[in-house]
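Here is what each chain is made of, one letter per residue.
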Amino acid sequence: MKFLDTTLRDGEQTPGVSLVPENKLRIAQRLDELGVDIIEVGFAAVSEGEMEAVSLISKQGLKAQISSAARGTINDIDAVLKSGASTISMIIPTSDLHIECKLRKTREQILKATDECIEYAKDHGLIVELLAEDATRSDFDYLTKVFLTAIGAGVDRVIPCDTVGILTPERSAEFFSRLTETLKFPVGVHCHNDFGMAVANTVAALGAGAEEAHVTINGLGERAGNASLEEVVITLKSLYKLDLKIKTEMLYSTSQLVSRLTGVYVQPNKAIVGENAFTHESGIHTQGMLANPLCYEPIAPELVGATRRIAPGKHSGTHGIRAALEKMGLQPKEDQLKEIFLRVKSLGDKGKTVMDADVLAIAENIMGLGQDKPIKLEEMTFVGGDKITATSSVRLSLNGKVCWGAAVGVGPVDAAINAVKDAIAEVVPITLEHYMVKAVTGGTDAMVEVVVRMRKGDRTTTAMSVREDIVKASMEAVISAMNVLTTDYNKNKQ
Ligand code: MN
(Lines give C-alpha, C1' and ligand atoms only; values in the text may rest on other atoms or scores of the structure.)
Protein backbone atom coordinates (compact mmCIF):
# COMPACT_ATOMS: atom_id res chain seq x y z
CA MET A 1 0.00 0.00 0.00
CA LYS A 2 1.27 3.44 -0.95
CA PHE A 3 0.73 6.89 0.61
CA LEU A 4 0.78 10.08 -1.40
CA ASP A 5 0.88 13.09 0.87
CA THR A 6 -0.62 16.22 -0.66
CA THR A 7 -0.31 18.59 2.34
CA LEU A 8 1.88 20.85 0.21
CA ARG A 9 -0.53 20.94 -2.77
CA ASP A 10 -4.17 20.20 -1.85
CA GLY A 11 -3.41 21.08 1.78
CA GLU A 12 -1.93 24.39 0.75
CA GLN A 13 -5.19 25.13 -1.06
CA THR A 14 -6.75 25.50 2.42
CA PRO A 15 -8.16 29.04 2.51
CA GLY A 16 -5.61 31.40 4.07
CA VAL A 17 -2.63 29.06 3.78
CA SER A 18 0.43 29.93 1.72
CA LEU A 19 3.87 28.49 2.34
CA VAL A 20 7.21 29.93 1.25
CA PRO A 21 9.59 27.47 -0.49
CA GLU A 22 11.86 27.06 2.58
CA ASN A 23 8.92 26.02 4.74
CA LYS A 24 7.63 23.66 2.05
CA LEU A 25 11.08 22.10 2.08
CA ARG A 26 11.02 21.65 5.87
CA ILE A 27 7.67 19.90 5.66
CA ALA A 28 8.77 17.75 2.68
CA GLN A 29 11.88 16.61 4.55
CA ARG A 30 9.73 15.64 7.54
CA LEU A 31 7.25 13.75 5.33
CA ASP A 32 10.13 11.90 3.72
CA GLU A 33 11.45 10.88 7.11
CA LEU A 34 7.93 9.86 8.13
CA GLY A 35 8.02 7.37 5.27
CA VAL A 36 5.39 8.46 2.73
CA ASP A 37 5.99 7.11 -0.79
CA ILE A 38 5.08 10.16 -2.85
CA ILE A 39 5.06 13.83 -1.84
CA GLU A 40 2.99 16.17 -3.96
CA VAL A 41 4.82 19.41 -3.29
CA GLY A 42 2.98 21.99 -5.35
CA PHE A 43 1.72 23.12 -8.71
CA ALA A 44 4.75 24.12 -10.83
CA ALA A 45 2.73 26.09 -13.42
CA VAL A 46 0.90 28.25 -10.86
CA SER A 47 3.55 30.81 -9.89
CA GLU A 48 7.26 31.50 -9.71
CA GLY A 49 7.27 30.69 -6.01
CA GLU A 50 5.64 27.33 -6.66
CA MET A 51 8.15 26.54 -9.41
CA GLU A 52 10.95 27.45 -7.00
CA ALA A 53 9.51 25.23 -4.26
CA VAL A 54 9.05 22.21 -6.54
CA SER A 55 12.59 22.62 -7.97
CA LEU A 56 14.13 23.11 -4.53
CA ILE A 57 12.52 19.96 -3.12
CA SER A 58 13.21 17.89 -6.27
CA LYS A 59 16.93 18.60 -5.88
CA GLN A 60 17.21 17.22 -2.34
CA GLY A 61 17.56 13.57 -3.25
CA LEU A 62 14.72 12.53 -0.93
CA LYS A 63 13.65 8.87 -0.84
CA ALA A 64 10.05 9.72 -1.75
CA GLN A 65 8.95 10.43 -5.31
CA ILE A 66 8.39 14.16 -5.75
CA SER A 67 5.29 15.12 -7.66
CA SER A 68 3.92 18.35 -9.06
CA ALA A 69 0.30 18.86 -9.97
CA ALA A 70 -0.62 19.99 -13.49
CA ARG A 71 -3.66 20.45 -15.65
CA GLY A 72 -4.00 18.44 -18.85
CA THR A 73 -2.14 20.93 -21.03
CA ILE A 74 1.30 20.79 -22.65
CA ASN A 75 2.19 24.10 -20.97
CA ASP A 76 1.56 22.69 -17.51
CA ILE A 77 3.46 19.49 -18.29
CA ASP A 78 6.42 21.56 -19.53
CA ALA A 79 6.41 23.43 -16.21
CA VAL A 80 6.65 20.11 -14.34
CA LEU A 81 9.52 19.02 -16.61
CA LYS A 82 11.32 22.30 -15.95
CA SER A 83 10.90 21.89 -12.18
CA GLY A 84 12.78 18.59 -12.15
CA ALA A 85 9.98 16.65 -10.36
CA SER A 86 10.01 12.94 -11.14
CA THR A 87 6.25 12.57 -11.02
CA ILE A 88 3.26 14.45 -12.36
CA SER A 89 -0.22 14.52 -10.81
CA MET A 90 -2.23 15.26 -13.91
CA ILE A 91 -5.66 16.60 -13.05
CA ILE A 92 -8.33 16.05 -15.72
CA PRO A 93 -12.06 16.51 -15.01
CA THR A 94 -14.40 13.71 -16.00
CA SER A 95 -17.88 14.85 -14.89
CA ASP A 96 -20.14 16.50 -17.48
CA LEU A 97 -20.58 19.39 -15.06
CA HIS A 98 -16.86 20.13 -15.04
CA ILE A 99 -16.28 19.34 -18.72
CA GLU A 100 -19.13 21.49 -19.98
CA CYS A 101 -19.40 24.31 -17.44
CA LYS A 102 -15.78 24.72 -16.37
CA LEU A 103 -13.81 23.78 -19.46
CA ARG A 104 -16.53 24.34 -22.10
CA LYS A 105 -15.35 21.20 -23.89
CA THR A 106 -16.85 17.88 -24.99
CA ARG A 107 -16.27 14.37 -23.65
CA GLU A 108 -14.41 13.51 -26.90
CA GLN A 109 -12.05 16.46 -26.53
CA ILE A 110 -11.18 15.34 -22.98
CA LEU A 111 -10.45 11.79 -24.16
CA LYS A 112 -8.15 13.11 -26.85
CA ALA A 113 -6.35 15.50 -24.45
CA THR A 114 -5.88 12.67 -21.92
CA ASP A 115 -4.27 10.47 -24.54
CA GLU A 116 -1.99 13.22 -25.87
CA CYS A 117 -0.93 14.63 -22.51
CA ILE A 118 -0.08 11.27 -20.98
CA GLU A 119 1.84 10.22 -24.04
CA TYR A 120 3.77 13.51 -23.96
CA ALA A 121 4.55 13.22 -20.24
CA LYS A 122 5.65 9.58 -20.60
CA ASP A 123 7.80 10.40 -23.65
CA HIS A 124 9.61 12.94 -21.47
CA GLY A 125 10.30 10.43 -18.71
CA LEU A 126 7.75 11.41 -16.06
CA ILE A 127 5.95 9.00 -13.73
CA VAL A 128 2.31 9.82 -14.39
CA GLU A 129 -0.62 9.76 -12.00
CA LEU A 130 -3.94 10.66 -13.56
CA LEU A 131 -6.33 12.36 -11.14
CA ALA A 132 -9.86 12.25 -12.55
CA GLU A 133 -11.51 15.32 -11.06
CA ASP A 134 -15.10 14.92 -9.83
CA ALA A 135 -14.89 11.23 -10.76
CA THR A 136 -17.53 10.21 -8.23
CA ARG A 137 -20.12 12.40 -10.00
CA SER A 138 -19.03 11.25 -13.47
CA ASP A 139 -20.82 8.80 -15.75
CA PHE A 140 -19.14 5.53 -14.74
CA ASP A 141 -18.80 4.19 -18.29
CA TYR A 142 -17.22 7.42 -19.49
CA LEU A 143 -14.86 7.50 -16.50
CA THR A 144 -13.76 3.94 -17.31
CA LYS A 145 -13.19 4.97 -20.92
CA VAL A 146 -10.91 7.86 -19.81
CA PHE A 147 -8.95 5.52 -17.55
CA LEU A 148 -8.60 2.85 -20.26
CA THR A 149 -7.35 5.54 -22.66
CA ALA A 150 -4.82 6.65 -20.04
CA ILE A 151 -3.68 3.06 -19.48
CA GLY A 152 -3.25 2.69 -23.25
CA ALA A 153 -1.09 5.82 -23.27
CA GLY A 154 1.17 4.41 -20.54
CA VAL A 155 -0.14 6.04 -17.31
CA ASP A 156 1.35 4.62 -14.09
CA ARG A 157 -1.60 4.99 -11.69
CA VAL A 158 -5.16 6.26 -11.98
CA ILE A 159 -7.01 8.05 -9.20
CA PRO A 160 -10.72 8.84 -9.23
CA CYS A 161 -11.17 11.93 -7.02
CA ASP A 162 -14.13 12.39 -4.72
CA THR A 163 -13.69 16.11 -5.31
CA VAL A 164 -16.71 17.32 -3.35
CA GLY A 165 -16.74 14.51 -0.78
CA ILE A 166 -20.06 12.88 -1.67
CA LEU A 167 -19.12 9.23 -1.18
CA THR A 168 -20.26 7.22 1.84
CA PRO A 169 -18.29 4.22 3.08
CA GLU A 170 -20.77 1.81 1.38
CA ARG A 171 -20.74 3.70 -1.92
CA SER A 172 -16.94 3.99 -1.76
CA ALA A 173 -16.54 0.21 -1.32
CA GLU A 174 -18.94 -0.47 -4.18
CA PHE A 175 -17.36 2.13 -6.50
CA PHE A 176 -13.79 0.91 -5.97
CA SER A 177 -14.66 -2.79 -6.26
CA ARG A 178 -16.37 -2.14 -9.55
CA LEU A 179 -13.56 0.07 -10.84
CA THR A 180 -10.66 -2.21 -9.88
CA GLU A 181 -12.50 -5.21 -11.38
CA THR A 182 -13.07 -3.36 -14.63
CA LEU A 183 -9.58 -1.86 -15.00
CA LYS A 184 -7.36 -4.55 -13.41
CA PHE A 185 -4.81 -1.76 -12.94
CA PRO A 186 -3.37 0.15 -9.91
CA VAL A 187 -6.02 2.56 -8.60
CA GLY A 188 -5.61 5.21 -5.89
CA VAL A 189 -8.13 7.07 -3.75
CA HIS A 190 -8.45 10.82 -3.14
CA CYS A 191 -11.23 11.86 -0.76
CA HIS A 192 -12.50 15.19 0.53
CA ASN A 193 -14.11 15.73 3.89
CA ASP A 194 -17.24 17.78 3.13
CA PHE A 195 -19.43 15.35 5.10
CA GLY A 196 -16.74 14.33 7.58
CA MET A 197 -16.27 10.95 5.92
CA ALA A 198 -13.00 11.36 4.00
CA VAL A 199 -11.11 8.96 6.26
CA ALA A 200 -13.92 6.38 6.36
CA ASN A 201 -14.31 6.56 2.57
CA THR A 202 -10.55 6.20 2.06
CA VAL A 203 -10.38 3.18 4.34
CA ALA A 204 -13.38 1.61 2.55
CA ALA A 205 -11.71 2.18 -0.83
CA LEU A 206 -8.47 0.56 0.35
CA GLY A 207 -10.51 -2.41 1.53
CA ALA A 208 -12.10 -2.64 -1.94
CA GLY A 209 -8.86 -2.81 -3.89
CA ALA A 210 -7.42 0.72 -4.04
CA GLU A 211 -3.65 0.59 -3.54
CA GLU A 212 -2.69 4.19 -2.87
CA ALA A 213 -4.21 6.75 -0.51
CA HIS A 214 -3.98 10.51 -1.03
CA VAL A 215 -3.83 12.15 2.38
CA THR A 216 -2.76 15.35 4.16
CA ILE A 217 -1.35 16.10 7.60
CA ASN A 218 -4.08 17.36 9.96
CA GLY A 219 -6.60 16.75 7.16
CA LEU A 220 -5.76 20.12 5.60
CA GLY A 221 -7.24 20.83 2.18
CA GLU A 222 -9.81 22.83 0.27
CA ARG A 223 -13.04 23.58 2.15
CA ALA A 224 -13.45 20.91 4.84
CA GLY A 225 -10.15 19.33 3.84
CA ASN A 226 -8.81 15.96 2.68
CA ALA A 227 -8.49 12.58 4.39
CA SER A 228 -6.08 13.00 7.27
CA LEU A 229 -2.83 11.03 7.03
CA GLU A 230 -2.57 10.37 10.76
CA GLU A 231 -6.15 9.08 11.01
CA VAL A 232 -5.91 6.79 7.98
CA VAL A 233 -2.53 5.42 9.05
CA ILE A 234 -3.47 4.74 12.68
CA THR A 235 -6.83 3.26 11.67
CA LEU A 236 -5.11 0.81 9.32
CA LYS A 237 -2.45 -0.03 11.84
CA SER A 238 -4.54 -0.29 15.00
CA LEU A 239 -7.95 -1.38 13.83
CA TYR A 240 -6.99 -3.38 10.73
CA LYS A 241 -3.62 -4.62 12.06
CA LEU A 242 -1.78 -3.74 8.85
CA ASP A 243 1.96 -3.51 8.83
CA LEU A 244 2.89 -0.09 7.39
CA LYS A 245 6.28 1.47 6.96
CA ILE A 246 5.14 4.89 8.24
CA LYS A 247 7.08 5.95 11.37
CA THR A 248 3.98 6.60 13.45
CA GLU A 249 5.96 7.92 16.43
CA MET A 250 6.65 11.02 14.30
CA LEU A 251 2.98 11.82 13.69
CA TYR A 252 2.40 14.18 16.61
CA SER A 253 5.51 16.28 15.97
CA THR A 254 4.76 16.39 12.22
CA SER A 255 1.23 17.58 12.93
CA GLN A 256 2.63 20.30 15.21
CA LEU A 257 5.18 21.38 12.60
CA VAL A 258 2.53 21.67 9.88
CA SER A 259 0.18 23.52 12.22
CA ARG A 260 2.92 25.99 13.15
CA LEU A 261 4.10 26.64 9.59
CA THR A 262 0.61 26.90 8.04
CA GLY A 263 -0.93 28.81 10.95
CA VAL A 264 -3.90 26.43 10.98
CA TYR A 265 -4.70 25.26 14.50
CA VAL A 266 -5.44 21.62 15.15
CA GLN A 267 -8.81 21.40 16.92
CA PRO A 268 -8.25 20.11 20.48
CA ASN A 269 -10.61 17.15 20.04
CA LYS A 270 -9.09 16.07 16.71
CA ALA A 271 -8.51 12.31 16.54
CA ILE A 272 -4.92 11.04 16.97
CA VAL A 273 -3.07 14.39 17.18
CA GLY A 274 -5.45 16.79 18.97
CA GLU A 275 -4.37 18.29 22.31
CA ASN A 276 -7.07 16.30 24.09
CA ALA A 277 -6.58 12.99 22.28
CA PHE A 278 -4.62 11.62 25.26
CA THR A 279 -5.80 13.94 28.02
CA HIS A 280 -8.05 12.69 30.81
CA GLU A 281 -9.94 14.82 33.24
CA SER A 282 -12.93 12.99 34.68
CA GLY A 283 -12.39 11.17 37.94
CA ILE A 284 -13.89 7.89 36.76
CA HIS A 285 -11.66 7.88 33.68
CA THR A 286 -8.54 8.93 35.56
CA GLN A 287 -8.99 6.20 38.13
CA GLY A 288 -9.40 3.57 35.40
CA MET A 289 -6.51 5.01 33.42
CA LEU A 290 -4.15 4.91 36.37
CA ALA A 291 -5.08 1.28 37.02
CA ASN A 292 -4.58 0.42 33.34
CA PRO A 293 -4.37 2.91 30.45
CA LEU A 294 -6.22 0.46 28.20
CA CYS A 295 -9.41 1.26 30.14
CA TYR A 296 -9.80 4.56 28.32
CA GLU A 297 -7.15 4.65 25.60
CA PRO A 298 -7.55 2.65 22.36
CA ILE A 299 -3.90 3.29 21.50
CA ALA A 300 -0.89 4.26 23.59
CA PRO A 301 0.16 7.92 23.12
CA GLU A 302 3.74 6.74 22.47
CA LEU A 303 2.54 5.13 19.23
CA VAL A 304 2.12 8.61 17.72
CA GLY A 305 4.79 10.38 19.77
CA ALA A 306 2.30 12.15 22.04
CA THR A 307 2.15 12.17 25.84
CA ARG A 308 -0.63 11.24 28.20
CA ARG A 309 -1.86 14.03 30.41
CA ILE A 310 -4.18 14.05 33.36
CA ALA A 311 -5.82 17.44 33.46
CA PRO A 312 -7.08 18.83 36.73
CA GLY A 313 -10.61 20.23 36.68
CA LYS A 314 -14.03 20.02 38.21
CA HIS A 315 -14.50 16.46 36.96
CA SER A 316 -11.27 15.35 38.61
CA GLY A 317 -11.21 12.65 41.21
CA THR A 318 -8.84 12.32 44.14
CA HIS A 319 -6.86 9.64 42.28
CA GLY A 320 -5.85 11.96 39.47
CA ILE A 321 -4.90 14.77 41.81
CA ARG A 322 -2.92 12.44 44.03
CA ALA A 323 -1.05 11.08 41.00
CA ALA A 324 -0.25 14.61 39.76
CA LEU A 325 1.05 15.67 43.17
CA GLU A 326 3.10 12.50 43.60
CA LYS A 327 4.99 13.40 40.42
CA MET A 328 6.13 16.53 42.24
CA GLY A 329 7.10 14.52 45.29
CA LEU A 330 4.10 15.63 47.35
CA GLN A 331 2.31 13.10 49.53
CA PRO A 332 -0.66 14.83 51.08
CA LYS A 333 -2.42 13.14 54.01
CA GLU A 334 -5.98 11.96 53.39
CA ASP A 335 -7.63 15.02 54.93
CA GLN A 336 -5.25 17.35 53.05
CA LEU A 337 -5.95 15.58 49.77
CA LYS A 338 -9.68 15.98 50.37
CA GLU A 339 -9.28 19.71 50.96
CA ILE A 340 -7.09 20.13 47.83
CA PHE A 341 -9.64 18.16 45.84
CA LEU A 342 -12.53 20.38 47.00
CA ARG A 343 -10.64 23.57 46.14
CA VAL A 344 -9.75 22.33 42.64
CA LYS A 345 -13.42 21.48 42.07
CA SER A 346 -14.60 24.86 43.28
CA LEU A 347 -12.16 26.59 40.89
CA GLY A 348 -13.60 24.52 38.05
CA ASP A 349 -17.15 25.27 39.18
CA LYS A 350 -16.40 28.98 38.84
CA GLY A 351 -15.77 28.31 35.17
CA LYS A 352 -12.00 28.58 35.45
CA THR A 353 -9.67 26.35 33.48
CA VAL A 354 -7.60 24.65 36.16
CA MET A 355 -3.90 24.50 35.36
CA ASP A 356 -1.28 22.19 36.88
CA ALA A 357 0.31 25.28 38.40
CA ASP A 358 -2.98 26.01 40.24
CA VAL A 359 -3.08 22.51 41.71
CA LEU A 360 0.47 22.87 43.00
CA ALA A 361 -0.28 26.29 44.50
CA ILE A 362 -3.39 24.95 46.26
CA ALA A 363 -1.53 21.89 47.56
CA GLU A 364 1.38 23.95 48.85
CA ASN A 365 -1.01 26.30 50.57
CA ILE A 366 -2.93 23.51 52.27
CA MET A 367 0.16 21.54 53.18
CA GLY A 368 1.93 24.66 54.44
CA LEU A 369 4.81 24.27 51.99
CA GLY A 370 6.90 26.07 49.46
CA GLN A 371 6.60 29.79 49.86
CA ASP A 372 9.88 29.93 47.95
CA LYS A 373 9.63 29.06 44.26
CA PRO A 374 12.76 27.52 42.68
CA ILE A 375 12.79 30.06 39.83
CA LYS A 376 12.22 33.76 40.36
CA LEU A 377 12.39 36.54 37.80
CA GLU A 378 14.55 39.31 39.25
CA GLU A 379 14.86 41.61 36.28
CA MET A 380 14.06 41.79 32.59
CA THR A 381 15.00 44.20 29.81
CA PHE A 382 13.65 44.31 26.35
CA VAL A 383 14.57 46.29 23.22
CA GLY A 384 12.69 46.23 19.97
CA GLY A 385 11.03 48.28 17.29
CA ASP A 386 10.93 48.73 13.56
CA LYS A 387 14.19 47.55 11.97
CA ILE A 388 15.62 46.61 15.38
CA THR A 389 15.98 42.93 16.29
CA ALA A 390 13.87 42.08 19.32
CA THR A 391 16.39 41.42 22.10
CA SER A 392 15.85 40.56 25.73
CA SER A 393 18.00 39.89 28.77
CA VAL A 394 16.89 38.47 32.09
CA ARG A 395 18.24 37.89 35.54
CA LEU A 396 16.72 34.91 37.34
CA SER A 397 17.36 33.35 40.65
CA LEU A 398 17.39 29.59 40.47
CA ASN A 399 17.30 28.06 43.94
CA GLY A 400 18.95 31.23 45.23
CA LYS A 401 21.70 31.22 42.59
CA VAL A 402 21.76 34.09 40.10
CA CYS A 403 21.55 33.19 36.38
CA TRP A 404 21.75 35.55 33.43
CA GLY A 405 20.31 34.93 30.00
CA ALA A 406 20.09 36.91 26.77
CA ALA A 407 18.48 36.14 23.43
CA VAL A 408 16.91 37.54 20.31
CA GLY A 409 13.53 36.58 18.90
CA VAL A 410 11.00 37.34 16.19
CA GLY A 411 9.21 39.66 18.61
CA PRO A 412 9.17 40.71 22.26
CA VAL A 413 7.52 37.57 23.63
CA ASP A 414 9.76 35.23 21.69
CA ALA A 415 12.92 37.13 22.74
CA ALA A 416 11.90 37.19 26.41
CA ILE A 417 11.04 33.49 26.54
CA ASN A 418 14.28 32.63 24.72
CA ALA A 419 16.22 34.68 27.27
CA VAL A 420 14.65 32.73 30.14
CA LYS A 421 15.43 29.45 28.42
CA ASP A 422 18.99 30.67 27.88
CA ALA A 423 19.38 31.52 31.56
CA ILE A 424 18.37 28.08 32.78
CA ALA A 425 19.45 25.97 29.78
CA GLU A 426 22.45 24.34 31.43
CA VAL A 427 20.68 23.61 34.67
CA VAL A 428 17.16 22.62 33.59
CA PRO A 429 16.43 21.53 30.03
CA ILE A 430 12.83 22.66 29.61
CA THR A 431 11.01 23.09 26.30
CA LEU A 432 7.92 25.12 25.46
CA GLU A 433 5.48 22.78 23.73
CA HIS A 434 2.41 24.89 23.34
CA TYR A 435 1.74 28.61 23.60
CA MET A 436 -1.64 30.20 23.24
CA VAL A 437 -2.76 33.73 23.78
CA LYS A 438 -6.19 35.27 23.71
CA ALA A 439 -7.61 38.67 24.50
CA VAL A 440 -10.06 38.37 27.37
CA THR A 441 -11.63 41.78 26.86
CA GLY A 442 -11.76 44.00 23.74
CA GLY A 443 -9.62 47.01 22.86
CA THR A 444 -5.88 47.63 22.76
CA ASP A 445 -5.77 47.78 26.57
CA ALA A 446 -7.40 44.35 26.75
CA MET A 447 -6.44 41.80 29.37
CA VAL A 448 -4.63 38.97 27.65
CA GLU A 449 -4.59 35.40 28.80
CA VAL A 450 -1.51 33.33 28.05
CA VAL A 451 -1.61 29.55 28.42
CA VAL A 452 1.56 27.51 28.07
CA ARG A 453 2.44 23.86 28.18
CA MET A 454 6.05 22.99 28.94
CA ARG A 455 8.01 19.79 29.06
CA LYS A 456 10.91 18.48 31.09
CA GLY A 457 11.83 14.92 30.19
CA ASP A 458 8.60 12.92 30.17
CA ARG A 459 6.71 15.42 32.32
CA THR A 460 4.50 18.13 30.90
CA THR A 461 2.69 20.86 32.75
CA THR A 462 0.32 23.74 32.07
CA ALA A 463 0.21 27.25 33.46
CA MET A 464 -1.68 30.43 32.73
CA SER A 465 -1.38 34.12 33.40
CA VAL A 466 -3.71 37.06 32.80
CA ARG A 467 -2.22 40.54 32.43
CA GLU A 468 -2.57 43.69 30.35
CA ASP A 469 0.98 43.31 29.08
CA ILE A 470 1.51 40.34 26.80
CA VAL A 471 5.24 40.04 27.55
CA LYS A 472 4.63 40.06 31.31
CA ALA A 473 1.79 37.56 30.99
CA SER A 474 3.95 35.26 28.86
CA MET A 475 6.90 35.44 31.27
CA GLU A 476 4.66 34.80 34.25
CA ALA A 477 3.04 31.76 32.63
CA VAL A 478 6.39 30.34 31.47
CA ILE A 479 8.07 30.80 34.83
CA SER A 480 5.09 29.41 36.68
CA ALA A 481 5.17 26.25 34.49
CA MET A 482 8.92 25.98 34.96
CA ASN A 483 8.41 26.17 38.70
CA VAL A 484 5.98 23.26 38.62
CA LEU A 485 8.46 21.22 36.57
CA THR A 486 11.42 22.01 38.83
CA THR A 487 9.46 21.43 42.02
CA ASP A 488 10.43 18.09 43.45
CA TYR A 489 9.80 17.73 47.15
CA ASN A 490 11.49 14.32 47.17
CA LYS A 491 14.74 15.93 46.17
CA ASN A 492 14.32 18.70 48.71
CA LYS A 493 14.03 16.16 51.52
CA GLN A 494 17.37 14.56 50.75
MN1 MN B 1 -8.34 17.40 -3.98
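It should be noted that the structure appears before, not after, this text.
Quick caveat, the model's predicted, so the values are computed rather than measured.

### Examining the sheet that holds strand β13 (residues 401-409)
No. 1: Strand order in the open sheet made by the three strands is β11-β12-β13, with antiparallel pairing throughout. The open sheet has two free edges, formed respectively by β11 (375-385) and β13, since each of these has just one partner strand. Averaged over all neighbouring strand pairs, the angle between strand axes comes to 15°, with direction disregarded.
No. 2: Bridge count between β11 and strand β12 (residues 388-398): nine bridges; the pairing is antiparallel. When the bridges of β12 are listed, Glu 379 appears paired with Arg 395.
No. 3: In the packing of helix α15 (residues 412-424) onto the sheet, contacts are made with β11, β12 and β13, and the angle to β13 comes to roughly 145°.
No. 4: Where helix α16 (residues 470-486) meets the sheet, its contacts fall on β11 and β12, and the angle it forms with β11 comes to roughly 145°.

### What about the environment of Arg 343?
No. 1: On the secondary structure map, Arg 343 appears in helix α13 (residues 334-349).
No. 2: With a relative accessible area of 33%, Arg 343 lands in the partly exposed category.
No. 3: Distance in space between the C-alpha atoms of Arg 343 and Met 51 is 59 Å, their sequence separation being 292 residues.

### What to know about the packing of α15 against α16
No. 1: Put simply, α15 and α16 touch, their axes get as near as 9 Å, and they point 30° apart. Taken together, the axes of α15 and α16 lie roughly parallel to each other. Handedness of the crossing formed by α15 with α16: right-handed. For the pair α15 and α16, contact is made by Pro 412, Val 413, Ala 416, Ile 417, Val 420 and Ile 424 and by Ile 470, Val 471, Ser 474, Met 475, Val 478, Ile 479 and Met 482, respectively.
No. 2: Of the residues assigned to the contact of α15 with α16, the class counts are twelve nonpolar, one polar and no charged.

### What about the nonpolar core?
Note on soluble globular proteins: their nonpolar side chains tend to be buried together.
No. 1: Counting residues in each nonpolar core, the largest one holds 86 residues, and the members touching the most others are Phe 3, Leu 34, Ile 88, Met 90, Leu 130, Val 158 and Phe 176.
No. 2: Among the elements that line this core, the one with the most residues is helix α6 (residues 140-152), at six residues.
No. 3: The residue makeup of this core includes at least three contributed by each of domain 1 (2-262) and domain 2 (279-367).
No. 4: Look past the residues within four positions of Phe 176 in its chain and what remains in contact with it is Pro 160, Leu 167, Val 187, Gly 188, Val 189, Ala 205, Ala 208 and Ala 210.
No. 5: Within the second largest apolar cluster, 48 residues are counted, among which are Val 359, Val 413, Ala 423 and Ala 463.

### Digging into the coordination of the manganese ion
No. 1: Those donors, Asp 10 (OD), His 190 (NE2) and His 192 (NE2), are the protein atoms that reach the manganese ion, and they lie 2.0 to 2.3 Å from it.
No. 2: For the manganese ion, all donor residues lie on one chain, and their spacing in sequence is D-x179-H-x1-H. Residue Asp 10 is located in the loop between β1 (2-5) and α1 (21-34), and its partner His 192 is located in the loop between β7 (188-191) and α8 (198-207); the two are separated by 182 residues in the primary sequence. As far as the burial class goes, Asp 10 and His 192 line up, both buried.

### A word on the pairing of β12
No. 1: Hairpin geometry of β11 and β12 is characterised by an intervening segment of two residues between the two adjacent antiparallel strands and by a positive phi of about 65° at Lys 387.
No. 2: As defined by bridge partners, β12 adjoins β13 across nine bridges and the pair is classed as antiparallel. By the bridge assignment, Ser 397 is partnered in β13 with Val 402.

### Notes on helix α11 (residues 283-291)
No. 1: Inspection of α11 places Gly 283, Thr 286, Gly 288 and Met 289 among the buried residues, and these make up the whole buried set.
No. 2: Turning to α11, the residues buried within the fold contact β9 (279-280), β10 (309-310) and α12 (318-327).

Rules used in this analysis
Residues numbered from 1 in each chain as written. Predicted model: local features only at pLDDT ≥ 70, side-chain atom pairs only at ≥ 80, totals over all residues. Heavy atoms only, no water. Pairing = 2+ DSSP bridges. Helix = DSSP H or I, 4+ residues; strand = E, 2+ residues; numbered from the N terminus. Axes fitted to C-alpha atoms, helices over the stretch in contact; angles between N-to-C directions. Contact = heavy atoms within 4.5 Å. Buried < 20%, exposed > 50% of the residue type's maximum accessible area, 1.4 Å probe, protein only. Parallel < 35°, antiparallel > 145°, perpendicular 65-115°, else oblique. Left-handed = near helix turned anticlockwise from the far one by under 90°. Nonpolar A, V, L, I, M, F, W, Y, C, P; charged D, E, K, R; others polar. Core = buried A, V, L, I, M, F, W, Y, C linked by side-chain atoms within 4.5 Å. Domains from an automatic or database assignment. Donors = N, O, S within 2.8 Å, 3.2 Å for Na, K, Ca; no water.

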